[in-house]
Amino acid sequence: MALDFVARSSPADGYTMIVGSASTMIEAALIIQLPYDVEKRIAPIAQFNSSPFILAAARGLPVESVQALIAYAKANPAALNFASSGTGSSGHLAGELLKHSAGIDMTHVPYKGIGPGLVDLMGGRIQVLFGSTTAVMPHVNSGKIRALAVSSLQRAKTLPALPALAETLPGYEVITWWGMLGPDGIPAPVIVALNGEINQILLLPEMRKIVGADGAEIANGSPEQFRQVITKGLASVRDMVAKTGIKLH
């Protein structure tokens, strides 16, 4: 995989990097299980953004809120299927955490990408999924599916009318991110310089407009803050796997 190529690259001079996401790190650390500690072999350089997922439901499902979804699931055991872009993806983990937090049952149906899952959601063959704002909201706005909540602790600034799952299930949070990563050993001055340049670009009005259109928020933090985001995210996934017993591969 690309992250493994970057982790093994030599010399670590700042010329070999990767733009990765939360799912990239989850895959490397917990699914493929590379023969080294990926957190120690990868240097966080700059986080671009952070973004929640949208919990969406099929229009034919008689629910219009998270509370109604939970009540329906409890009244109809094993009646719900939820789609994701693949086993071990952030959308898969979001669904499993919903099951665990709400004490409900749903069957995971992994797809090769969220697009086919959305097609089946609109067709009523799948009842629920977690997807990105970019993928989900156009179909919500066209009335083909229904948005129930965002997966962040607070409501998204770009979608203030949509409740956060944490309003019903305290502490619920599944966030994704994109950022630049490199091999461990890149000289600190190079990392600082790259981080500064990237953050300056992210502050440009046109970049804020592009990122905001995707429902994400600009990160604009330091390399150490980015490392903390990665560490917290992987710890959360490991804890979720331990609690739920889900298989990521």
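## Some details on the confidence of the model for the chain
Mean pLDDT over the chain works out to 92, with 99% of the residues at or above the 70 mark. Per-residue pLDDT, averaged within each element of the chain, yields its smallest value for helix α9 (residues 205-213) (83) and its largest for helix α4 (residues 66-75) (98).

## Quick look at the pattern of salt bridges
Any two side chains of opposite charge can pair, on the condition that their charged atoms come close. All chains considered together, the criterion is met by seven salt bridges. Between E96 and K99 there is a salt bridge whose closest N-O contact spans 3.3 Å. Taken as a pair, E96 and K99 lie in helix α5 (residues 90-102) at a separation of three residues, close to a single helical turn. In this structure, the salt-bridge partner of D239 is K243, at a minimum N-O distance of 3.1 Å. Placement of the pair is D239 and K243 together in helix α10 (residues 223-244), with a separation of four residues, close to one helical turn.

## Here's the deal with the sheet that holds strand β6 (residues 128-131)
Judged by pairing direction, the sheet is mixed, and its five strands sit side by side in the order β5-β4-β6-β3-β7 without closing on themselves. Pairing within the sheet leaves two strands with one partner each, and these edge strands are β5 (107-110) and β7 (145-150). Ignoring which end each strand starts from, the neighbouring axes of this sheet average 30° apart. For strand β4 (residues 81-84) and β5, the ladder comprises four bridges, and the chain directions are parallel. Counterpart to F82 in the pairing with β5 is H108.

## Thoughts on the environment of A12
Position of A12 relative to the elements: it lies in the loop between α1 (2-8) and β1 (18-21). For A12 and G185, which are 173 residues apart along the polypeptide, the C-alpha to C-alpha distance reads 5.5 Å.

## Points about the sheet that holds strand β8 (residues 175-183)
One open sheet holds the four strands; their spatial order is β1-β8-β2-β9, and the pairing between them is antiparallel. The sheet terminates laterally at β1 and β9 (217-218), the two strands that pair on one side only. Two strands pair when backbone bridges link them, and β1 and β8 are joined in this way by four bridges, in the antiparallel orientation. Paired with V19 across the bridge in β8 is M180.

## Section: the side chain of Q47
Its place among the elements puts Q47 in strand β2 (residues 42-52). Residue classification places Q47 among the buried residues on the basis of a relative accessible area of 10%. Side-chain polar atoms of Q47 contact the backbone oxygen of N49, separated by 3.0 Å. Apart from residues lying up to four places away in sequence, Q47 is in contact with W177, W178, G179, L202, A219, N220, F226 and V229.

Cut-offs applied
Residues numbered from 1 in each chain as written. Predicted model: local features only at pLDDT ≥ 70, side-chain atom pairs only at ≥ 80, totals over all residues. Heavy atoms only, no water. pLDDT = per-residue confidence, 0-100. Helix = DSSP H or I, 4+ residues; strand = E, 2+ residues; numbered from the N terminus. Salt bridge = Lys/Arg side-chain N within 4 Å of Asp/Glu carboxyl O. Pairing = 2+ DSSP bridges. Axes fitted to C-alpha atoms, helices over the stretch in contact; angles between N-to-C directions. Buried < 20%, exposed > 50% of the residue type's maximum accessible area, 1.4 Å probe, protein only. Polar contact = N/O pair within 3.5 Å; in protein donor to acceptor, adjacent residues only side chain to side chain. Contact = heavy atoms within 4.5 Å.

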